[in-house]
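# Secondary and tertiary structure notes
Residue-level listing of the chains:
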Amino acid sequence: MAPAANSLRICLRTCRQLPTVRPVVRPALAARPFAQRRALSSTPARQADENDGGEAPEEVKRYYNPAEVIKDLLREEGLTEQQRETLTQTLTQWDQMPDGDKKQFEDMRREVHASTSQIRYVVKPKKDSFWNEEEKDTDLITDEIGEDDFEEDDMLSIGHAKLDEHRDAREYARIAVWEMPLLSRFAKDFVPPTAEEPLRFRYTTYMGEFHPADRKVVVEFSPKDLPELNEAQQLKLMKLAGPRYNPEKGLIKMSSDRFEHQAQNKRYLGDLVQKMITAAKDPTDMFEDVPLDTRHHDFKARPQFPKEWRITEERQKELREIRRKALVLDEAKRKSGALIDGKEVIRNYLESMPAHREPEPSMVRRGGPVKGRLGKGKW
């Protein structure tokens, strides 16, 4: 029973793959010599037509039940006796099946063939067609001509750019809502630098994006913050720094971006500062005959608030005394009648002026008064 089941499974697999019958070579066609092709031809080769005396290509045979496949396999001469016996038993089992099952199987095969025939069909461009106007389904058009043309069925590039900005904003909003709060568990308390950490490094980042400036590292330090240097050595370190020393702030600032990674540039700056400190400690030559050059720095004059204008306690007492004396003087003038009241003067002036009468409105011609006859014009 197992060989029969295996044979039926092989037949079903064969039907699913839609095999084709191998063409049999006709003696007349085999005996006819083939014409030799030209080595160079200016015309393309074309398939022989029935009118040209050639034979038309054979149609592909379709199988809709295992019986047809088994019958075609039994016609072959290369089968062994065991294979023929197995195929015969499978054919007998197929014939013993109910007619309803056979019809249902054939209908299923025809439905599958009808639904997949268009997928397997190779679309070839027609020579006489103009922009594939006769094709109803635009997905079957194989050429790429005119695909980038704007046909009023899509947004402009400005609209797509706005959509991209909106998508980026939504992405960062999702990160801020769902991912950023998770970073709180990695937070650390701020510890101010101690006297043993005089170097201050500054880095540049672009939020994960690649930029040629993100490798740059800047270091700042004050020579006075180095406890292992005395005043003469600190002055020598300022002279060695040259234009990198800021005399106003008292800081030495250096940067490096020669290496690919920030860690490499930081290590390079650390080694460079250590070399400068070692050179400043060298007592062989302390550069005592070389003055500190500050010509590279532009000293900007910043206006200072005058000290005389500052409100101190003495100044407040002086202002209160001046205001008290002014009030006493005004009171003496008021009693003697010498004090002038501005409000009283304005009120008396307004009362002495004659009453102002508004002019009565009068009708005039449109466009202004017109000289001459009164019959012309419009009121």
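It should be noted that the structure appears before, not after, this text.
Attention here is on the structure that accompanies the text.

Parameters and conventions
- Residues numbered from 1 in each chain as written.
- Predicted model: local features only at pLDDT ≥ 70, side-chain atom pairs only at ≥ 80, totals over all residues.
- Heavy atoms only, no water.
- Phe/Tyr/Trp six-rings, centres within 6.5 Å; stacked < 30°, edge-to-face > 60°.
- Helix = DSSP H or I, 4+ residues; strand = E, 2+ residues; numbered from the N terminus.
- Buried < 20%, exposed > 50% of the residue type's maximum accessible area, 1.4 Å probe, protein only.
- Lys NZ or Arg CZ within 6 Å of the ring centre and 35° of its normal.
- Patch = residues over 30% accessible without salt bridge, like charges linked within 9 Å, V, L, I, M, F, W, Y side chains within 5 Å.
- Areas by Shrake-Rupley, 256 points an atom, 1.4 Å probe, with all protein chains shown as cover.
- Salt bridge = Lys/Arg side-chain N within 4 Å of Asp/Glu carboxyl O.
- Polar contact = N/O pair within 3.5 Å; in protein donor to acceptor, adjacent residues only side chain to side chain.
- Contact = heavy atoms within 4.5 Å.
- Pairing = 2+ DSSP bridges.
- Expected span 1.5 Å × (residues − 1).
- Arc of directions from axis to C-beta.
- Lys, Arg positive; Asp, Glu negative; His and termini not counted.
- Charge placed at Lys NZ, Arg CZ, Asp CG, Glu CD.

Glancing now at the packing of aromatic side chains. Following the criterion strictly, the structure yields three aromatic pairs and no others. A ring pair is formed by Trp 94 and Phe 105, whose centres lie 5.7 Å apart and whose planes are at 70°; its orientation type is edge-to-face. Of this pair, Trp 94 sits in helix H4 (residues 81–96) while Phe 105 sits in helix H5 (residues 99–120); the two residues are eleven residues apart in sequence, bridging distant segments of the chain. On the basis of relative accessibility, which here comes to 18%, the residue Phe 105 falls in the buried class. Looking at Lys 266, its charged tip hangs above the ring of Phe 201, at a distance of 5.0 Å from the centre.

A contiguous nonpolar patch, built from Ile 346, Tyr 349, Leu 350 and Met 353 and spanning about 450 Å² of accessible area, is present on the exposed surface. Turning to its location among the elements, Leu 350 is positioned in helix H10 (residues 342–352). Given the relative accessible area of 54%, Leu 350 is considered exposed.

Considering the arrangement of structural elements, one finds Asn 246 in strand S3 (residues 245–246). A distance of 3.1 Å separates a polar atom in the side chain of Asn 246 from the backbone nitrogen of Glu 248. Discounting chain neighbours no more than four positions away, the residues touching Asn 246 are Leu 251 and His 297.

In this section: the pairing of strand S4 (residues 251–256). Examined bridge by bridge, strand S2 (residues 217–221) and S4 share five bridges and lie antiparallel to one another. From the neighbouring strand, Val 217 faces S4, where its bridge partner is Ser 256. Direction of pairing for S3 relative to S4: antiparallel, over a ladder of two bridges. Across the sheet, residue Asn 246 finds its bridge partner in S4, namely Leu 251. Joining the antiparallel neighbours S3 and S4 is a turn of four residues, in which Gly 250 adopts a positive phi near 70°.

Let us look at helix H8 (residues 262–280). Under the 1.5 Å per step criterion, the end-to-end length of H8 is 27 Å for 19 residues, consistent within 8% with the ideal 27 Å. Taken together, the buried positions of H8 are occupied by Asn 265, Leu 269, Val 273, Met 276, Ile 277 and Ala 280. Each buried residue of H8 sits inside an arc of 115° when the element is viewed along its axis, so together they form one side. Among the exposed residues of H8, those oriented more than 90 degrees off its buried face are Ala 263, Arg 267 and Lys 275. Of the surrounding elements, those touching the buried residues of H8 are strand S1 (200–203), S2, helix H7 (231–241) and S4.

All right, on to a positive patch on the surface then. Together, Arg 202, Lys 216, Lys 249, Lys 253, Lys 300 and Arg 302 line one region of the surface with positive charge. Locating Lys 253 in the fold gives a position in strand S4.

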